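Fold and geometry: a report
Residue-level listing of the chains:
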Amino acid sequence: MLEGKLLLDTCCGPCALVAQRSLGSENRSLHFLFYNPNVHPYREYRLRLEAFERLMTATRGEYTVLAYEPEEWIRAVAFREESRCEICYRLRLRRAADFALEEGIEAMSTTLFASPYQDHGLLELLGTSIARSRGLEFVIWDGRAYYRETISEARERGIYTQPYCGCLLSERERYDRTSRRSGETSRGQDEERAPGKGRE
Ligand code: SF4
């Protein structure tokens, strides 16, 4: 049984709910950190933040919201757009690791492990490396089995579920198939859903 507090880099409310269900049986308390400079435009960011805070209130989740800094994401990926997801993961995981250190939390992970659309292998590599460099434990988990039912439940409760991963480039890929990178579906793209109904 794992013990102590676990900090979770948090992409959105529904994935936080998946994390609560997947990690709830562990003997750890969860602290959710909402830091999403990768979500554009601002109105989309507000929708996701409000959905996250509603779910945290409803489930009595412990959480922190950091300032919205889209400039950080833009500067990080500029001229490296083809590698943007790795850069984006690094940006968020590093910020989470720094926050964990500041708060005296010894273990961290990410709610991105809830999503079938994210690169779990890359998250494991980056998360482990970033956490280890700061003397932290990185917890690897897999919430994909809970994903679909949790998203459906969130919708039934009237909670916003996003149609694309986050950045403007992913929004374009979601709606413009010709803009997708070769060999990939868009991150956040759900081919079964009509535009506006899918999510990360
Ligand atoms: S597609 Fe998603 S993970 Fe990739 S850079 Fe955009 S917001 Fe980040």
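The coordinates are above.
Because the structure is predicted, anything quoted here is derived from the model rather than measured.

Next up on the list: the site of the ligand. Around the ligand, ten residues are found, and the nearest of them are Cys 85, Cys 88, Cys 165, Gly 166 and Cys 167. At the level of secondary structure, the elements contributing two or more residues to the shell around the ligand comprise α4 (84–103) and α7 (168–175). By residue number, the principal contributor to the shell around the ligand is α4, which donates three residues. Each residue belonging to the shell around the ligand can be placed in one class, and the counts come to five nonpolar, three polar and two charged.

Each neighbour pair has its own omega, and for His 40 with Pro 41 the value is -10°, a cis peptide bond. Here Pro 41 is to be found in the loop between β2 (27–34) and α2 (42–59). Although it is not a glycine, Phe 79 adopts a positive phi angle of roughly 70°. Position of Phe 79 relative to the elements: it lies in the loop between α3 (70–77) and α4.

Take the nonpolar core next. In this structure, Leu 7, Ala 96, Ala 97 and Met 108 are the most contacted members of the largest nonpolar core, which totals 48 residues. Taken together, the elements giving at least two residues each to this core come down to β1 (3–10), α1 (13–23), β2, α2, α3, α4, α5 (120–133) and α6 (144–156). Broken down by element, the residue count for this core peaks at eight residues, all from α4. Setting aside residues up to four positions removed in sequence, Leu 7 forms contacts with His 31, Leu 33, Ala 96, Phe 99, Ala 100, Ile 105 and Met 108.

Spanning 20 residues, α4 covers 29 Å between terminal C-alpha atoms, matching the ideal 28 Å at 1.5 Å per step. Buried within α4 are the following residues: Cys 85, Cys 88, Tyr 89, Leu 91, Arg 92, Leu 93, Ala 96, Ala 97 and Ala 100. Phi turns positive one or two residues past the end of α4, at Gly 104, with a value near 75°.

Looking now at the pairing of strand β3 (residues 62–65). Relative to β3, β2 is paired through four bridges, and the arrangement is parallel. The residue bridging Phe 32 from the neighbouring strand is Tyr 63, located in β3. Read from β2 through α2 to β3, the crossover connection turns out right-handed.

In this section: the packing of α1 against α2. Here α1 crosses α2 at 30°, and the two axes come no closer than 8 Å. Packed against α1, whose contacting residues are Gly 13, Ala 16, Leu 17 and Gln 20, the element α2 presents Ala 51, Phe 52, Arg 54, Leu 55 and Thr 59 at the interface. For the contact of α1 with α2, the class distribution of residues is five nonpolar, three polar and one charged.

α5 packs onto α4 with a crossing angle of 35° between their chain directions and a minimal axis gap of 10 Å. Crossing angle aside, the handedness with which α4 passes α5 is right-handed. Across from Glu 86, Tyr 89, Arg 90, Leu 93, Arg 94 and Ala 97 in α4, the residues of α5 making contact are Leu 122, Leu 123, Leu 126, Gly 127, Ile 130 and Ala 131. Of the residues in the contact of α4 with α5, the class split is eight nonpolar, one polar and three charged.

Definitions and cut-offs
- Residues numbered from 1 in each chain as written.
- Predicted model: local features only at pLDDT ≥ 70, side-chain atom pairs only at ≥ 80, totals over all residues.
- Near = placed C-beta within 6 Å.
- Helix = DSSP H or I, 4+ residues; strand = E, 2+ residues; numbered from the N terminus.
- Nonpolar A, V, L, I, M, F, W, Y, C, P; charged D, E, K, R; others polar.
- Core = buried A, V, L, I, M, F, W, Y, C linked by C-beta atoms within 7 Å.
- Buried ≥ 20, exposed ≤ 12 C-beta atoms within 10 Å, placed from the backbone.
- Contact = placed C-beta atoms within 7 Å.
- Expected span 1.5 Å × (residues − 1).
- Pairing = 2+ DSSP bridges.
- Right-handed = clockwise from strand over helix to strand, strands pointing away.
- Axes fitted to C-alpha atoms, helices over the stretch in contact; angles between N-to-C directions.
- Left-handed = near helix turned anticlockwise from the far one by under 90°.

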